[in-house]
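Observations on chain architecture
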Amino acid sequence: MASDFRLKEQLPNLTNRIVASYKCEGAIHHLGHCPLPNYDEIIGCLADIKDILYPGYRRREGLHIGNVTYHVGDLIDGLHDKLTRQIARALRHDARVNGGEACESDTDYEAKGQAMAIAFLERIPGLRDILCTDAQAAYDGDPACRSIDEVIFCYPGLEAITVHRIAHEMRKLGVPFIPRMMSEYSHKQTGIDIHPGATIGHHFFIDHGTGVVIGETCDIGNHVKLYQGVTLGALSFATDGDGNLVRGHKRHPTLEDRVVIYANATVLGGRTVIGHDSVIGSSVWLPHSLEPYSTVVMEKPKLRIRAEVPDELKPELNYQI
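Residues numbered from 1 in each chain as written. Predicted model: local features only at pLDDT ≥ 70, side-chain atom pairs only at ≥ 80, totals over all residues. Heavy atoms only, no water.

**Some details on the sheet that holds strand 1 (residues 193-194)**
Basically, it comes down to this: At least two bridges found by DSSP between two strands are what make those strands a pair. Strands here are runs of E lasting at least two residues and helices are runs of H or I lasting at least four, both read from the DSSP assignment and numbered beginning at the N terminus.
Across the sheet, five strands lie side by side as 1-4-7-10-13; this open sheet has parallel pairing. The open sheet has two free edges, formed respectively by strand 1 and strand 13 (285-286), since each of these has just one partner strand.

**Some points on the environment of Ser21**
Quick reminder of the rule: The buried label goes to any residue with under 20% of its type's maximum accessible area, the exposed label to any with over 50%, and the partly exposed label to all in between, with areas taken from a 1.4 Å probe on protein chains only. What qualifies as a polar contact is a pair of N or O atoms within 3.5 Å, subject to a donor-acceptor requirement within protein and to the restriction that residues adjacent in sequence count only when both atoms come from side chains.
Relative to the helices and strands, Ser21 resides in helix 1 (residues 2-21). When its relative accessible area of 34% is taken as the criterion, Ser21 is described as partly exposed. Side-chain polar atoms of Ser21 contact the backbone oxygen of Ile18, separated by 2.5 Å.

**Topic: a nonpolar patch on the surface**
This is how it is decided: What goes into a patch is any residue over 30% in relative accessible area without a salt bridge, connected to like charges within 9 Å or, for nonpolar side chains (Val, Leu, Ile, Met, Phe, Trp, Tyr), within 5 Å. The Shrake-Rupley method, run with a 1.4 Å probe, gives the accessible areas here. Residue values count only the displayed protein chains as cover. Each reported salt bridge corresponds to a side-chain nitrogen of Lys or Arg within 4 Å of a carboxyl oxygen of Asp or Glu.
Residues Leu7, Leu11, Leu14, Ile18, Val19, Tyr22 and Leu31 make up a contiguous nonpolar surface patch of roughly 610 Å² in combined accessible area. Examined against the element boundaries, Leu11 turns out to sit in helix 1. Given a relative accessible area of 46%, Leu11 falls into the partly exposed group.

**Notes on helix 2 (residues 39-53)**
Note the threshold: Expected helix span is computed as 1.5 Å times (number of residues minus one). In what follows, residue pairs with any heavy atoms lying within 4.5 Å of each other are defined as contacts.
The first and last C-alpha atoms of helix 2 sit 21 Å apart over 15 residues, in line with the 21 Å expected at 1.5 Å per residue. Among the residues making up helix 2, those that are buried are Ile42, Ile43, Cys45, Leu46, Asp48, Ile49, Lys50, Asp51, Ile52 and Leu53. Against the buried residues of helix 2 lie helix 3 (68-99), helix 4 (109-121), helix 5 (124-141), helix 7 (156-172) and helix 8 (178-190). The distance from a side-chain oxygen at the start of helix 2 to the backbone nitrogen of Asp40 is 3.1 Å, and the residue carrying that oxygen is Asn38.

**Details of helix 4**
Relative to the 18 Å expected for 13 residues at 1.5 Å per residue, helix 4 spans 18 Å between its end C-alpha atoms, a close match to the ideal helical length. Looking at the buried side of helix 4, the elements it contacts are helix 2, helix 3, helix 5 and helix 7. A side-chain oxygen of the first residue of helix 4 lies 3.4 Å from the backbone nitrogen of Glu110; this N-cap is Asp108.

**Remarks on the pattern of salt bridges**
Applying the stated criterion across every chain yields a total of 14 salt bridges. Across the pair Glu41 and Arg85 runs a salt bridge, and its minimum N-O distance is 2.5 Å. Taken together, the residues Glu41 in helix 2 and Arg85 in helix 3 connect sequence positions 44 residues apart. Among the ionic pairs, Arg258 bridges to Asp277, the shortest N-O distance being 2.8 Å. Taken as a pair, Arg258 in the loop between strand 8 (254-255) and strand 9 (260-261) and Asp277 in the loop between strand 11 (273-274) and strand 12 (279-280) lie far apart in primary sequence, 19 residues in all. Where salt bridges share partners, they join Asp48, Asp51, Arg59 and Lys82 into one cluster.

**Side note on the environment of Ile42**
Mapping Ile42 onto the fold places it in helix 2. With relative accessibility at 1%, the residue Ile42 sits in the buried group. Note: C-alpha distance between Ile42 and Ala234 (192 residues apart in sequence) is 29 Å.

**Considerations on the nonpolar core**
For clarity, the cut-off: Nonpolar cores are built from buried Ala, Val, Leu, Ile, Met, Phe, Trp, Tyr and Cys residues. Side-chain atoms within 4.5 Å join them into one set.
The biggest cluster of nonpolar side chains holds 70 residues, and the ones touching the most others in it are Phe120, Ile214, Leu226, Leu232 and Ile261. Contributions of two or more residues to this core are made by helix 2, helix 3, helix 4, helix 5, helix 6 (148-154), helix 7, helix 8 and strand 3 (205-206). Here this core gets eight residues from one element, more than from any other, and that element is helix 3. The contacts of Phe120, once residues within four sequence positions are left out, are Ile49, Leu83, Leu127, Ile166, Glu169, Met170 and Leu173.

**Section: the sheet that holds strand 8**
Taken in spatial order, the four strands make up an open sheet running 2-5-8-11, and their pairing is parallel. On the outer flanks of this sheet lie strand 2 (199-200) and strand 11, each paired with one strand and no other. Of the pairings in the sheet, the one linking strand 2 to strand 5 (residues 219-220) comprises two bridges and is parallel in character. Each bridged residue has a counterpart across the sheet, and for Thr199 the counterpart in strand 5 is Asp219.

**Some words on the packing of aromatic side chains**
As a reminder, the rule being used: Working definition: rings of Phe, Tyr and Trp (its six-membered ring) pair if their centres are within 6.5 Å, and the pair is stacked with planes under 30 degrees apart, edge-to-face with planes over 60 apart, and tilted otherwise.
If you walk through the whole model with that rule in mind, you get two aromatic pairs. An angle of 75 degrees between the planes, with centres 5.5 Å apart, marks the rings of Tyr57 and Phe153 as edge-to-face. Of the two residues, Tyr57 sits in the loop between helix 2 and helix 3 while Phe153 sits in helix 6, which places them 96 residues apart along the sequence.

**Here's the deal with the state of the cysteines**
For clarity, the cut-off: Cysteine sulfur atoms that come within 2.5 Å of each other are treated as a disulfide pair.
On inspection of all chains with the given rule, the structure shows zero disulfides. Unpaired in this structure, Cys132 has its nearest cysteine sulfur neighbour in Cys145, at a distance of 13 Å. Take Cys132: its relative accessible area is 52%, and that puts it in the exposed class.

Below you can see the structure in the form of structure tokens.
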């Protein structure tokens, strides 16, 4: 009984200590009357958009030309409402954090959110056009692939570029916060990290994909192919007189058309331009530009192999070390 009495005092005290930590400057909490975008609803919107982009492949079966109009119309209606609400929340949060605007501002964020939602939905036909080229690039670039259906169902590279193109269009429209939520969800699902600010041309293919990193200010041309583990990153981070990071300038490389970069290569720097039709071999570290038609490979490594077999096992071997 004495133990129970102490526990009844201990748990409220612990609660009070935790709540007291919320009052610290810069604390990691969001308390107030301005709701943030809802994570689950954003991921639900992504699923709806992908259902429109790839009809018949995902949640709804039995679609045909006679009923797909109703299905897509229903999704569009729902996305209009959900995106309006979530974009309005993101705009309000952005104004409060970056502009110091009060939560109870007279700004009509719902109207702004609705305009952005409609503008995004208008871009879906164009997204389908460019994603068609990405799916074709995956099929053309991988001899193990048997069909476009296999690309859409199975390839993490197409999943990553699909979410990226959605997030990138939202970012171009000025939607805050939500594009990064989408890209990091995709990162978690695929192991491919593409910042929504990166600009990527048509017929883009990431083969295998795990560990690929594409930075915010990358500019990637058409018919570019990357393999697993490729990093397109920043060489260094500029700082101002107070030691704070300088944001908003180009930090990541540019890849021109028809560049191929093999596994685990690293290309760095905002001034780095990889000329068209160039090939970068596996494990290359490249912090400077290349002329078009260049090929960069590591020198052949020298392997050292040693095999030691215990004496008692040697009679069982069919070969001699």
